[in-house]
Amino acid sequence: MPDQSKPFLSDHTVAFLSDPYRFIGERCRAEACDVFETRLLFKRTLCLSGPEAAALFYDLNRFQRQDAAPEPVRATLFGKGGVQGLDDAAHRQRKALFMGLTHGDALQGLLAHAADAWRECADEWLVLGEELVFYDAMRTLLTRAACRWAGLPQTEGDWPERTRQLSALFDEAAAPGLGHVRARMARGEAETWLADLIEDARAGRTDLPEDCATWAVAWHRDADDALMPPRIAAVELLNLLRPTVAVSVYLVLLVHALALHPQYRAPLAAGDSVLADAFIQEVRRWYPFFPAVAARVRHDFLWQGQFFREGRRVMLDLYGTNHDPCSWADPEAFLPERFLSQTPTPFNFIPQGGAEAAGNHRCPGEAITVALMHQAMQMLLQHLEYEVTTQNLALDYSRLPALPREPLCIRVNTVRF
Ligand code: MYR
């Protein structure tokens, strides 16, 4: 098979990191292609964008996930040895654990804890009477909900520390210099804390309830029928806690969208659930969240004239695919109504990955994300009266995760439960 790779390729890591959400999509559109090869973190990398490329990327015969994410991502955001880097039967078995803990009764349990945390926090905000940095407030609220749901023994005094630790894993992973070091340290501390707890649970030294997520992780059996090593179990428990706290990013973006598009507030406050679905999906389509996902080529092949060499890293552009003009009319416009007439496919609407979750590598936590966004919308529009006090709402697309350049602040004037 002809390898048409260019013999020399300059490194584009700096360009990628300065605009991580738009780097792949803009180049694909400029060159009218779905794939190009570049060098990122000094390694040749094939970058893919668009629904056809997404369908290719999730072909499990062509790509695998082992060692796909760059080391800095595994050392902070994902952890090492977790579900994101597994393939085939090992992946399916581990994924079943996550599917069980992110749907049905487990999802309802998390929502109930989140509802309690909203009530507690809203009372605290009212007593404080000050402007709230909404991202900080949501990270605290979701840390409480996630840790209680997981059955983690907690004392009230732990919340700031646990919020800092869990937030650092996604909020500082891509930060320059010391920020990234803090993320690595937070991962080490959090894994030690949870690995000890898993060992205690298995040895009968805790009074964890048997229906909680920590218990399910502690006693999950892998495809080889063995319990996970405690450190890997800790990584997987963090794969439940961290993304739940990271939904705080989407909750900031939800408030941002409500502030910029106030015409939707009245029908949403009146309980129009069809519009609420559409609005939330449009937030997930329009706003940047996770920039790209990675895989490695299983065997040599040719696609759209591009040679895919075995072992080469491939990155699929999530943000750019959600803004692909072939799939979305007027993709840069924020139009919730588009979801009333257009049914998204598993490959053109991929804010948390494409294909399907159980047997492939789509994020299993999508239902949790959407449910927490619905709950937040209801709390904000039906149970609170608040005003956004930040003047400049411009987004910082160079930040990972992207957020408003100036922290989005709200003042809560009334709470009604
Ligand atoms: C999750 O916790 O899985 C969801 C996180 C959502 C936002 C994360 C965006 C940050 C990407 C970090 C890349 C790290 C590069 C070293």
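Naming follows an unreviewed UniProt entry, where the protein chain appears as Fatty-acid peroxygenase of Gulbenkiania mobilis. UniProt, in its Cofactor (unreviewed entry) section for the protein chain, records the words "heme".

(A) Structural detail: empty space enclosed by the protein. Applying the stated criterion across every chain yields a total of one cavity of 30 Å³ or more. Size it by volume and the largest cavity reaches roughly 30 Å³. Classifying every residue of the lining of the largest cavity gives eight nonpolar, one polar and one charged.

(B) Representation of the environment of Ala213. By the secondary structure assignment, Ala213 is in helix H10 (residues 213-218). Take Ala213: its relative accessible area is 3%, and that puts it in the buried class. Separated by 64 residues in sequence, Ala213 and Trp149 place their C-alpha atoms 7.1 Å apart. In this structure, Ala213 is in contact with Leu101, Trp149, Ala150 and Leu237, ignoring residues within four places of it in sequence.

(C) Geometry of the sheet that holds strand E2 (residues 43-48). Read from one edge to the other, the open sheet built from five strands follows the order E1-E2-E8-E5-E3, with strand pairing classed as mixed. Across the chains shown, the open sheet's two edge strands, defined by having one partner strand only, are strand E1 (35-40) and strand E3 (63-64). Sheet topology note: the strand E5 (residues 292-297)/strand E8 (residues 313-317) ladder contains five bridges and is antiparallel. Each residue of the ladder has a partner; that of Val293, found in E8, is Leu316. Together, E1, E2, E5 and E8 form the strand contacts of helix H2 (residues 23-30), whose direction differs from that of E1 by roughly 135 degrees.

(D) Quick look at helix H16 (residues 366-383). Here H16 is 18 residues long and its end C-alpha atoms lie 25 Å apart, about the 26 Å a rise of 1.5 Å per residue gives. Taken together, the buried positions of H16 are Glu366, Ile368, Thr369, Ala371, Leu372, Met373, Gln375, Ala376, Met377, Met379, Leu380 and Leu381.

(E) Inspection of the packing of helix H11 (residues 230-260) against helix H13 (residues 273-286) at higher detail. The interhelical angle for the contact between H11 and H13, taken along N-to-C directions, is 110 degrees, at an axis separation of 10 Å. The angle between H11 and H13 falls in the class roughly perpendicular. Like other packed secondary-structure pairs, H11 and H13 cross with a definite hand, here right-handed. Residues Tyr250, Leu253, Leu254, Ala257 and Leu258 of H11 form the contact with H13, whose participating residues are Phe279, Ile280, Val283 and Arg284. For the contact of H11 with H13, the class distribution of residues is eight nonpolar, no polar and one charged.

(F) Just the sheet that holds strand E12 (residues 409-415), in detail. Spatial ordering of the open sheet is given by E4-E12-E9, a layout of three strands whose pairing is antiparallel. Strand pairing shows two members of the sheet lacking a second neighbour, strand E4 (132-133) and strand E9 (384-388), which therefore form its edges. Two elements, E4 and E12, share two bridges in a ladder whose sense is antiparallel. Bridged to Val133 within E12 is Cys409. Sheet strands touched by helix H6 (residues 104-128): E4, E9 and E12. Its angle to E12, the strand with the most contacts, is close to 100 degrees.

(G) Molecular detail of the packing of aromatic side chains. In this structure the tally under the stated criterion is 22 aromatic pairs. On the basis of an interplanar angle of 65 degrees and a centroid distance of 6.2 Å, the ring pair of Tyr319 and Tyr397 is categorised as edge-to-face. Of the two residues, Tyr319 is situated in helix H14 (residues 318-322) and Tyr397 in the loop between strand E10 (395-396) and strand E11 (403-404); the sequence distance between them amounts to 78 residues. In terms of burial, Tyr319 and Tyr397 fall into one category: buried. Three or more aromatic residues joined by ring pairs make a cluster, and in this case those are Phe57, Tyr58, Phe63, Phe301, Trp303 and Phe308. Sitting over the ring of Trp328, Arg285 keeps its end group 5.4 Å from the ring centre.

(H) Molecular detail of the environment of Val415. By the element assignment, Val415 lies in strand E12. Along the sequence, Val415 and Ala122 sit 293 residues apart, while their C-alpha atoms lie 6.8 Å from each other. Not counting residues up to four positions away in its chain, the partners in contact with Val415 are Ala122, Asp123, Leu126, His383 and Leu384.

(I) How the structure looks around the site of the ligand. Taken together, Val73, Leu77, Phe170, Ala173, Ala174, Arg242, Pro243, Ala246, Phe289, Phe290 and Pro401 make up all the residues around the ligand. Arg242 places a side-chain nitrogen or oxygen 2.6 Å from an oxygen atom of the ligand. Of all the secondary-structure elements, those providing two or more residues to the shell around the ligand are helix H4 (71-78) and H11. The dominant element in the shell around the ligand, judged by the number of residues it contributes, is H11, at three residues. In terms of residue class, the shell around the ligand is built from 10 nonpolar, no polar and one charged.

The rules behind the values
- Residues numbered from 1 in each chain as written.
- Predicted model: local features only at pLDDT ≥ 70, side-chain atom pairs only at ≥ 80, totals over all residues.
- Heavy atoms only, no water.
- UniProt positions renumbered as here; feature names shortened; annotations may be inferred.
- 1 Å grid on protein atoms, 1.4 Å probe; cavity = no way out; pocket = protein on both sides within 12 Å on 5 of 7 lines; lining within 4 Å.
- Points joined across faces, edges and corners; volume = space filled by probe spheres on them.
- Nonpolar A, V, L, I, M, F, W, Y, C, P; charged D, E, K, R; others polar.
- Helix = DSSP H or I, 4+ residues; strand = E, 2+ residues; numbered from the N terminus.
- Buried < 20%, exposed > 50% of the residue type's maximum accessible area, 1.4 Å probe, protein only.
- Contact = heavy atoms within 4.5 Å.
- Pairing = 2+ DSSP bridges.
- Axes fitted to C-alpha atoms, helices over the stretch in contact; angles between N-to-C directions.
- Expected span 1.5 Å × (residues − 1).
- Parallel < 35°, antiparallel > 145°, perpendicular 65-115°, else oblique.
- Left-handed = near helix turned anticlockwise from the far one by under 90°.
- Phe/Tyr/Trp six-rings, centres within 6.5 Å; stacked < 30°, edge-to-face > 60°.
- Lys NZ or Arg CZ within 6 Å of the ring centre and 35° of its normal.
- Near = heavy atom within 4 Å.
- Polar contact = N/O pair within 3.5 Å; in protein donor to acceptor, adjacent residues only side chain to side chain.

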